[in-house]
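Now for the letters of each chain:
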Amino acid sequence: MDIKWHKGLLSKEECKSIIGSFQNCERYQMMPGDHRLWGAERFLEQDVVAKIMDVDREYAIERHGVPPKFQTLMVNFTFQSEESQGSGQGWHRDSVLKYQQKTIVYLVDVSEENGPFILKDLRYIWLSRILIPVRRISDRIMLLCSFLFKENAVTCGAGSGFSTCTNFIHRGKPLIKGERYAVTVYSFFDHIPLHLKKLING
């Protein structure tokens, strides 16, 4: 599994502080079962921001050979909803060809039931791209191709996180019960896509 762990990166107090900052903001992107605060680094303690962004930068250098030119944080709250397809709104890659990665830190304990990140892993990313050469993938296609991919649900306690290459197919699992708070680093190696720039700038 193409994952680098960051165990115990944040304290319980730091997790609660981030959740509190999220709850005090009113400028969410609202999707079914998924509320998102973009550009969250503007609302959080800067030492906490640096701690999260630093591990993402280190992973980029290890995995891609260069640090990102731009990083931003997104804090999201996911919850049960009949219309939700999970965090990320279903199976997808962040890009088919251009290298992409994410670092995610859970702010609450995450199990199989409250929306873990799920990675559809193949040994070689080029093979994944050849077999399914698109960014958004339907549940039907994933079911038909399920024998090709190993499914990894990433669970861990509050304050721990991980970095991974998001050219692989992934999603947040729809919640069975409970709720999930997480903070995600979005890194860009050339420019920020216009639709994300609008969300970040509010």
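Residues numbered from 1 in each chain as written. Predicted model: local features only at pLDDT ≥ 70, side-chain atom pairs only at ≥ 80, totals over all residues. Heavy atoms only, no water.

Colleague: How should I be thinking about the overall build of the chain in this particular structure?
Modeller: If you tally the helices and strands in the chain, you get five helices and 10 strands. Burial analysis of the chain (202 residues in total) assigns 54% to the buried set. Of the roughly 9800 Å² of accessible surface on the chain, 54% is carried by carbon and sulfur atoms. (Helix = DSSP H or I, 4+ residues; strand = E, 2+ residues; numbered from the N terminus. Buried < 20%, exposed > 50% of the residue type's maximum accessible area, 1.4 Å probe, protein only. Areas by Shrake-Rupley, 256 points an atom, 1.4 Å probe, with all protein chains shown as cover.)

Colleague: Please clarify how the side chain of Asp 94 should be interpreted in this entry.
Modeller: Among the secondary structure elements, Asp 94 is positioned in the loop between strand 4 (70-79) and strand 5 (101-106). At a separation of 3.4 Å, a polar atom in the side chain of Asp 94 contacts the side chain of His 170. In contact with Asp 94, other than residues within four places in its own chain, are Gln 100, Lys 102, Arg 135, Thr 166 and His 170. (Polar contact = N/O pair within 3.5 Å; in protein donor to acceptor, adjacent residues only side chain to side chain. Contact = heavy atoms within 4.5 Å.)

Colleague: For this particular structure, what's the right way to read the pattern of salt bridges?
Modeller: Two side chains carrying opposite charge are able to pair once their charged atoms lie near each other. This structure, assessed with the given rule, holds 10 salt bridges. Taking the shortest distance from any N to any O, the salt bridge between Lys 177 and Glu 113 comes out at 3.4 Å. Remark: Glu 113 occurs in the loop between strand 5 and strand 6 (117-121) and Lys 177 occurs in the loop between strand 9 (169-172) and strand 10 (179-188); sequence separation between them is 64 residues. (Salt bridge = Lys/Arg side-chain N within 4 Å of Asp/Glu carboxyl O.)

Colleague: Explain the sheet that holds strand 9 here, please?
Modeller: Two pairing modes exist for strands in a sheet, parallel and antiparallel, and in both the strands are linked by backbone hydrogen bonds. Pairing is antiparallel across the open sheet formed by three strands, whose spatial order is 7-6-9. Two strands lie at the open edges of the sheet, namely strand 7 (150-154) and strand 9, each paired on one side alone. Adjacent strand axes in the sheet meet at a mean angle of 20°, parallel and antiparallel pairs treated alike. As defined by bridge partners, strand 6 adjoins strand 7 across five bridges and the pair is classed as antiparallel. Its bridge partner being in strand 7, Leu 119 is matched across the sheet by Asn 152. (Pairing = 2+ DSSP bridges. Axes fitted to C-alpha atoms, helices over the stretch in contact; angles between N-to-C directions.)

Colleague: How do you make sense of the pairing of strand 10 when you look at a structure like this?
Modeller: Side-chain positions along a regular strand alternate between the two faces of the sheet. The buried fraction of strand 10 amounts to nine of the 10 residues, a majority that puts the element mostly inside the structure. Strand direction decides the pairing type here: strand 4 and strand 10, joined by 10 bridges, are antiparallel. Within the sheet, the bridge partner assigned to Asn 76 lies in strand 10 and is Ala 182. Summarising the sheet, strand 5 and strand 10 pair through five bridges and their orientation is antiparallel. Note on strand 10: the bridge partner recorded for Ile 104 is Thr 184.

Colleague: Where do I start with the nonpolar core in this structure?
Modeller: One broad rule of soluble globular proteins: the nonpolar side chains tend to lie buried together. Core analysis: the largest hydrophobic core is formed by 24 residues, its most contacted members being Leu 10, Ile 18, Ile 52, Leu 73, Val 75 and Leu 107. Looking at this core, the elements with two or more residues in it are helix 1 (12-24), helix 2 (46-64), strand 4 and strand 10. Residue contributions to this core peak at five residues, all from helix 2. What Leu 10 contacts, discounting residues up to four positions off in sequence, is Cys 15, Ile 18, Val 48, Lys 51, Ile 52, Val 105, Leu 107 and Gly 159. The next biggest cluster of nonpolar side chains, apart from the first, holds 17 residues, and it includes Tyr 99, Tyr 106, Ala 182 and Phe 189. (Core = buried A, V, L, I, M, F, W, Y, C linked by side-chain atoms within 4.5 Å.)

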